[in-house]
Amino acid sequence: MCPTDSNRRYHNRQVIAWTIYITFAGAVMVLLFPRAFSRWIALLTTTATFAISLATFFCHDLDLAHFTTIVRAPWVPALGMNYHLAVDGISLTLVLVTSITAVSSVLFSWDIDQRVNEFFFWLLLVVGSSFGVFLSADLFLLFVFYELVIVPKYFLIAIWGSTNKEYGAMKLTLYSFFGGALVFIGIIAAYVSAGSLDLNELAQFQFTPQLQSWAFPVLFLGFAVLAGIWPLHTWAPTGHVAAPTAGSMLLAGIVMKLGAYGGLRVAMNLFPQGFQMWRNWIAILAVIGIIYAAAVALRQRDLKFVIGYSSVSHMGFVLLGLATANVLGVSGAVLQMFSHGVIGALLFAVAGRMIYRRTHTRDLDQLSLMDLNRALPFAAFVFVIASAASMGIPGFSGFAAEITILIGVWKTFPIAVWITGAGMVLVAAFTLRALKKSFFEGGPAAPSGGVKEFAASSPLMTSPAERPIHLEPITIPEKLGAGLLMFTTLAIGIYPKFLLDRIQPAVEAMRFLAR
C-alpha cells in the first residue's frame, strides 16, 4: 500500500533506506552464525532488498522526478557532513539492478565451500556499499561508500579468484584508488567553493567557469575509471577474469555502474558548464572504447576475457549516452546501466559457474571440442539468450537501451552513430564466435568418446583431482539465478516503459541538459 503525500518521507525512510541497513546487518550475521547458515542468510538478505526495491518501483505516489530526501541526520556537523539519503528514478533504477544482481550472485555461489562465511560477508559488503552510493545525497557520504567497495572487491578476487588472482586484485584496487584520488580532489574543490556537501544544494550553486573547466574533467575522469573508460579500462578484463563467478557478476552488474552513476549524479550535474566544455572528448573516448574493446574481444581465446572486453564496449555506450546531454541519450545511458548489469552478470554466470567449474577450462579452442550443447543443454540455452541480449536483438533489454542511446546520439553526434555501427557489428561477431566455439562446434575434431573422453585426456587436466569423468548437471540454484536474470532482460526488452517512465523525469530535472 502506497502512502499519501504527507506520509511519503516516512514511507521512504522505512523502506528504501533499509536496503542499506538490511544488507550490512546480513553481512554481520554471516560472520556470527555457523557456516551452514551463511548462504541462507545471504539469500534472505538479498531477497529482502530485492523485494523492497521492487515494491518501491510499483509505488506511484513517490516523487521520482526529484532527488527527494528520505533520511537526514547530523554526522560531522563541524564540517557540514550529514548522513543524508535521497532517491529519484535514476537511483531507484540502479538500486533495483543491484538487488537483482545480488540475489543471482548468491544463488550462483550456493555450493562454494572455501571460507564460506567470509565470502558472503565480503559479497554483502559490496552490495550494501553500492546501495549506499546510489542513495547518498551527501557528497562525502557518497565518497565513503564508493571507497568502501574497494576493500571487499580486493579480498573476493585475491582469495577466491582464479587466473592471476593476486595481480588482478591489485590492479583493480590500484586503478580504483587512482580514480578515488581524483574524485576526492573534485569533492574538495566543490566543498571549498560552495561551502556545502549536500548534492541538492551543490546542484543549485553557480560554480565559476574557471573552476568548472578543470574540476569537471578531474571529477568525471575519477569516476569514469571505474566505468571502464578508454584508455583506463585495462583493470576491467583482468579483474573479471581473475574474480570468482560472483565477483565477476558484481563487477559487471554493479561496480562498473558506480563510476557511471557518479559521473552523472556528481560531475555532470554539479559542473554543467565544465561538462559542456568537455563532452565532445567524452564522446570521442566512448566511441574509441566501443570499437577498441570489441575488436580486442574478437581476438581473445579465454571466454571470460571475451566477456570482460564486451563489458568495456557496452559501458562505452553508457558514456556516449551521457555525452549527448539530451533526455533520450542520458535516459538510454541509465537504461543501459540496468541492462548491461543484468546481461553481463548472466554471461559471467554461464562462463564462470556453468562452464569453468565443470570443465576446468575457459579456452575457446578446448571448449569447441567438448560438444557442450549436449552435455550442458541448459547452459547452452542460457548462453544463447544472454548472447542475443548482448548483441542487442529486439525483444531484449540491450536493444531497448542501445536504440534509445543511438537516437539521442543522432541528435548531438550524428557521425558517432555511423562509427558505433561498426562497433555493433564487432559485438555481434565476437559474441557469435564465443557462442559457436563454446557450445556448437563439436564436429569431426571432437573425440569419439564425447565430453567424458576429452575431460579425461585433456592436457589441461594435469592432476587426477582435476579430471572430471562427467559433467555435473546444472543445479537448482543456478537455474533460479539464471531464470531471474533472463526474465529481467526479457521483461525490460518487451516493456522498457517500466523503467523509462521513472528514469526520464529524473533526467529532465537535471541542469546539465542542452536546453
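Reference entry: report on the structure contained in this document. (Residues numbered from 1 in each chain as written. Predicted model: local features only at pLDDT ≥ 70, side-chain atom pairs only at ≥ 80, totals over all residues. Heavy atoms only, no water.)

## Focus on the overall build of the protein
Point 1. Scanning the protein for helices and strands turns up 23 helices and two strands.
Point 2. C-alpha atoms of the protein, sized along the principal axes, occupy 70 × 55 × 40 Å.
Point 3. Within the span of the protein, comprising 515 residues, buried residues form 63% of the whole.
Point 4. Carbon together with sulfur atoms contributes 68% to the accessible area of the protein, which is approximately 18,600 Å² in total. (Helix = DSSP H or I, 4+ residues; strand = E, 2+ residues; numbered from the N terminus. Buried < 20%, exposed > 50% of the residue type's maximum accessible area, 1.4 Å probe, protein only. Areas by Shrake-Rupley, 256 points an atom, 1.4 Å probe, with all protein chains shown as cover.)

## A closer look at the packing of aromatic side chains
Point 1. Here the structure, examined in full by the defined rule, presents 24 aromatic pairs.
Point 2. Between F140 and F143, the aromatic rings sit 6.4 Å apart at their centres with planes inclined by 40 degrees, giving tilted as the arrangement. Taken together, the residues F140 and F143, both in helix α6 (residues 139–148) and three residues apart, mark about one turn of the helix.
Point 3. Since its relative accessible area comes to 22%, F140 is described here as partly exposed.
Point 4. Among the aromatic side chains, those forming a connected cluster through ring pairs are W75, F140, F143 and F184.
Point 5. One Lys or Arg, R39, reaches over the ring of W110 and ends 5.9 Å from the middle of that ring.
Point 6. Over the ring of F378 we find K479, and its NZ or CZ is 5.7 Å from the ring centre. (Phe/Tyr/Trp six-rings, centres within 6.5 Å; stacked < 30°, edge-to-face > 60°. Lys NZ or Arg CZ within 6 Å of the ring centre and 35° of its normal.)

## Some details on the pattern of salt bridges
Point 1. Counting across every chain of the model gives 13 salt bridges.
Point 2. D88 is the salt-bridge partner of R265, the closest N and O atoms lying 2.7 Å from each other. Here R265 is found in helix α12 (residues 245–270), whereas its partner D88 is found in the loop between β2 (81–87) and α4 (89–107), with 177 residues between them in sequence.
Point 3. A residue is classified by how much of its surface remains accessible, and R265, at 5% relative accessible area, is buried.
Point 4. Taking the relative accessible area as the measure of exposure, D88 reaches 2% and is therefore buried. (Salt bridge = Lys/Arg side-chain N within 4 Å of Asp/Glu carboxyl O.)

## Things to note about helix α20 (residues 414–439)
Point 1. The end-to-end C-alpha separation of α20 is 38 Å, in line with the 38 Å expected for 26 residues at 1.5 Å each.
Point 2. Among the residues of α20, A416, V417, T420, G423, V427, F430, T431, A434, L435, K437, S438 and F439 are the ones counted as buried. (Expected span 1.5 Å × (residues − 1).)

## A few points about the layout of surface pockets
Point 1. In this structure, the largest pocket spans a volume of roughly 560 Å³.
Point 2. W160, G161, S162, R353 and Y356 are, among the 23 residues lining the largest pocket, the residues nearest its centre.
Point 3. Breaking the lining of the largest pocket down by element, the ones donating at least two residues are α7 (150–160), α12 and α15 (327–359).
Point 4. Looking at the lining of the largest pocket, the element that brings in the most residues is α15, giving four residues. (1 Å grid on protein atoms, 1.4 Å probe; cavity = no way out; pocket = protein on both sides within 12 Å on 5 of 7 lines; lining within 4 Å. Points joined across faces, edges and corners; volume = space filled by probe spheres on them.)

## Brief notes about the packing of helix α11 (residues 235–242) against α12
Point 1. Interaxial distance between α11 and α12 falls to 8 Å at its minimum, and their mutual angle equals 140 degrees. Every residue of α12 that contacts α11 at W235, A236, G239 and H240 is listed here: S248, L251, A252 and M256.
Point 2. Class assignment of the residues belonging to the contact of α11 with α12 gives a composition of five nonpolar, three polar and no charged. (Axes fitted to C-alpha atoms, helices over the stretch in contact; angles between N-to-C directions. Contact = heavy atoms within 4.5 Å. Nonpolar A, V, L, I, M, F, W, Y, C, P; charged D, E, K, R; others polar.)

## Brief notes about unusual backbone geometry
Point 1. Each neighbour pair has its own omega, and for W230 with P231 the value is 5 degrees, a cis peptide bond.
Point 2. Take P231: it is sitting in the loop between α10 (209–226) and α11.
Point 3. For A325, which is not glycine, the phi dihedral falls at a positive 60 degrees.
Point 4. For A325, the position within the fold is in the loop between α14 (303–323) and α15.
Point 5. Looking at A325, the relative accessible area reads 0%, which means it is buried.
Point 6. The phi dihedral of H360 is positive, around 60 degrees, even though this residue is not glycine.
Point 7. Mapped onto the elements, H360 comes out in the loop between α15 and α16 (364–367).
Point 8. Of the residues examined, H360 reaches a relative accessible area of 34% and is grouped as partly exposed.

## As for the environment of F33
Point 1. Here F33 shows up in the loop between α2 (18–32) and α3 (35–57).
Point 2. Take F33: its relative accessible area is 40%, and that puts it in the partly exposed class.
Point 3. Spatially, the C-alpha atom of F33 lies 38 Å from that of D198, the residues being 165 residues apart in sequence.
Point 4. Discounting chain neighbours no more than four positions away, the residues touching F33 are I41 and N117.

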